[in-house]
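Descriptive structure summary
The lines below spell out each chain.
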Amino acid sequence: MADKRAVIAGVEVSLDHWIDGQRVGSAERFANASPIDGADLGSVAAGGAAEAEMAVAAAAKAFPAWAALGPKGRLPILKRFAEGILARANDIAAVETADNGSLLAGNLHRMVPRAAQNISFFAEWALGLNDHAIDHPEVVNNVRYDPAGVAALITPWNAPFMLTTWKVGPALAAGNTAVIKPPEWAPLSCSLLADIAHAAGLPPGVLNVLQGIGEDAGDALVNDARLARISFTGSPETARIIGQAAARTITPMSSELGGKSPFIVCGDADLDAAAQTVAGQYINAGQVCLAGTRILVEASVATEFLAKVRAAVGQMTVGDPRLPTTRVGPLIHREHFARVAGFVDRARAAGADLLWGGGRDAAGALYFQPTMFAGVGPGDEIAQDEVFGPVLTWQTFADDAEAIRLANGTRYGLAGTLFCGNEARAMRIAERVVAGTLWVNCFFVRDLAAPFGGARISGIGREGGTHSFDFYCDIKNIAVRKGSFASPGSPS
Ligand code: ADP
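Residues numbered from 1 in each chain as written. Predicted model: local features only at pLDDT ≥ 70, side-chain atom pairs only at ≥ 80, totals over all residues. Heavy atoms only, no water.

Quick look at helix 15 (residues 465-472) now. Those residues of helix 15 lying buried are Gly 465, Ser 468, Phe 469, Phe 471 and Tyr 472. The arc that holds the buried residues of helix 15, viewed along the axis, is 155 degrees, so those residues lie on one side. (Buried < 20%, exposed > 50% of the residue type's maximum accessible area, 1.4 Å probe, protein only. Helix = DSSP H or I, 4+ residues; strand = E, 2+ residues; numbered from the N terminus. Arc of directions from axis to C-beta.)

See below:
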């Protein structure tokens, strides 16, 4: 039976699952609309227990042969996969933007190239995984990174294509097979990923896409006892639920769970650069887990800096994310809009000072104005909880101790940004801020070799470089007594 397809932004996209190298439908389907203008993007297969079972079974069946290929055998296939992503950059970017409202230019020039890099980088890194031996007086410890099995990869809607490849890259490079559960508010770009994987020659069952609602398809998936790994990016609330499933089967889980990251500006910083970067926190309507949403400014420059930020924010055009001049697109969904508006309304009711924004933008139903609150206490909801919208808070500090106290004053610990003119001072502050990543005089620079993850409720585990393989592999030590073999064995 032909799969159900739609043409999105001129690109044909399957709305069905991809299981065992085939399109598979579901009797149940869910509606999907574009946040840009509410356009109908077709009804997507809503998987349940049966489809989750099929997907995990397919991945389990494909695992032994994929694992046996070894990193060298997998490399050419994964390289073709990465090239296939680049070859379809325009299609992926257009579909992602239609589906989740993220900036087209950002998708085309940053997210898609990065997605391709996620695949090729980890495929190459895997080549050197088993080169590690630790010498001991009696034995040689040969450290082996073995494939673990089937990985469930669950991704959020704000950057689904890039974040899926961030998991798929190391999972497959390590020799695992995967079942991807894309987000129901932006399910389409992962469907293209399956087409690209297939065209690149990934064997059936190595990469599967299970579409559906989190509480149904996702829940069935994470409760499958055959899983070897669960990698999740989303909210702490959902992580708690998935974590219970992982606990029942003792399945290792890595999670990246958003943040409420501080953006610290010292008086001696390059205030123009800092102001531009603060304005940049509104990009993609603030639906960025790494965004520095709590602006902490040294009191001595607060007035001067506020004027610079206000001017920079004034340059941020809100509107259609397909236009190159747009910096702030729509929120993803009307439910999410209501959630963001709720935060803003409660902050106003609690007496916070609205410096700008505060409501719907004239650009359309799901567009929210860049918003800034001052007069915020460190314990207030608006300074504590992740809004995941274009809403920032403005606080001042008198000295470094206060900056650090404010910075560390939430339950989150994903990232932080610091603008500072003095290296010693910058390092003193940076070393004391609780965060998985702390950017100094820059923002959003991500090196695939560097560790990435969150402290506190921002997540469990680190990925990136060898850390990704620490998670996706079963690490084994083959301890061989020195001199116990009369002659060296011939390699198999
Ligand atoms: P967000 O707040 O970003 O929407 P969620 O944590 O709700 O984040 O969702 C992130 C991903 O987790 C989505 O793909 C969603 O479908 C999935 N998900 C939601 N609930 C569950 C669940 N109970 N089990 C497995 N996956 C889930």
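On to the sheet that holds strand 22 (residues 473-481), then. Strand order in the open sheet formed by 3 strands is 7-8-22, with antiparallel pairing between adjacent strands. Single-partner strands in this sheet number two, and they are strand 7 (133-135) and strand 22. Each strand axis lies, on average, 20 degrees off the axis of its neighbour in the sheet, ignoring direction. Judged from the 3 bridges that link them, strand 7 and strand 8 (residues 139-147) form a sheet pairing that is antiparallel. (Pairing = 2+ DSSP bridges. Axes fitted to C-alpha atoms, helices over the stretch in contact; angles between N-to-C directions.)

A water-sized probe rolled over the atoms picks out the places where empty space is left. Volume-wise, the largest pocket comes out at about 1000 Å³. Along the wall of the largest pocket there are 40 residues; nearest its centre are Trp 157, Phe 232, Gly 234, Ser 235 and Thr 238. Among the elements of the structure, helix 7 (214-222), strand 12 (227-233), helix 8 (236-249) and helix 11 (334-349) are those that each provide at least two residues to the lining of the largest pocket. Taken together, the residues of the lining of the largest pocket break down into 18 nonpolar, 10 polar and 12 charged. Looking at which domains feed residues into the lining of the largest pocket, each of domain 1 (5-257 + 454-478) and domain 2 (261-440) gives three or more. Taken as a whole, the second largest pocket encloses approximately 800 Å³ of empty space. Lining the second largest pocket we find 34 residues, and of these Arg 110, Met 111, Ile 283, Asn 284 and Phe 444 sit closest to its centre. When contributions to the lining of the second largest pocket are tallied by element, the ones reaching two or more residues are helix 4 (104-125) and helix 5 (160-173). (1 Å grid on protein atoms, 1.4 Å probe; cavity = no way out; pocket = protein on both sides within 12 Å on 5 of 7 lines; lining within 4 Å. Points joined across faces, edges and corners; volume = space filled by probe spheres on them. Nonpolar A, V, L, I, M, F, W, Y, C, P; charged D, E, K, R; others polar. Domains from an automatic or database assignment.)

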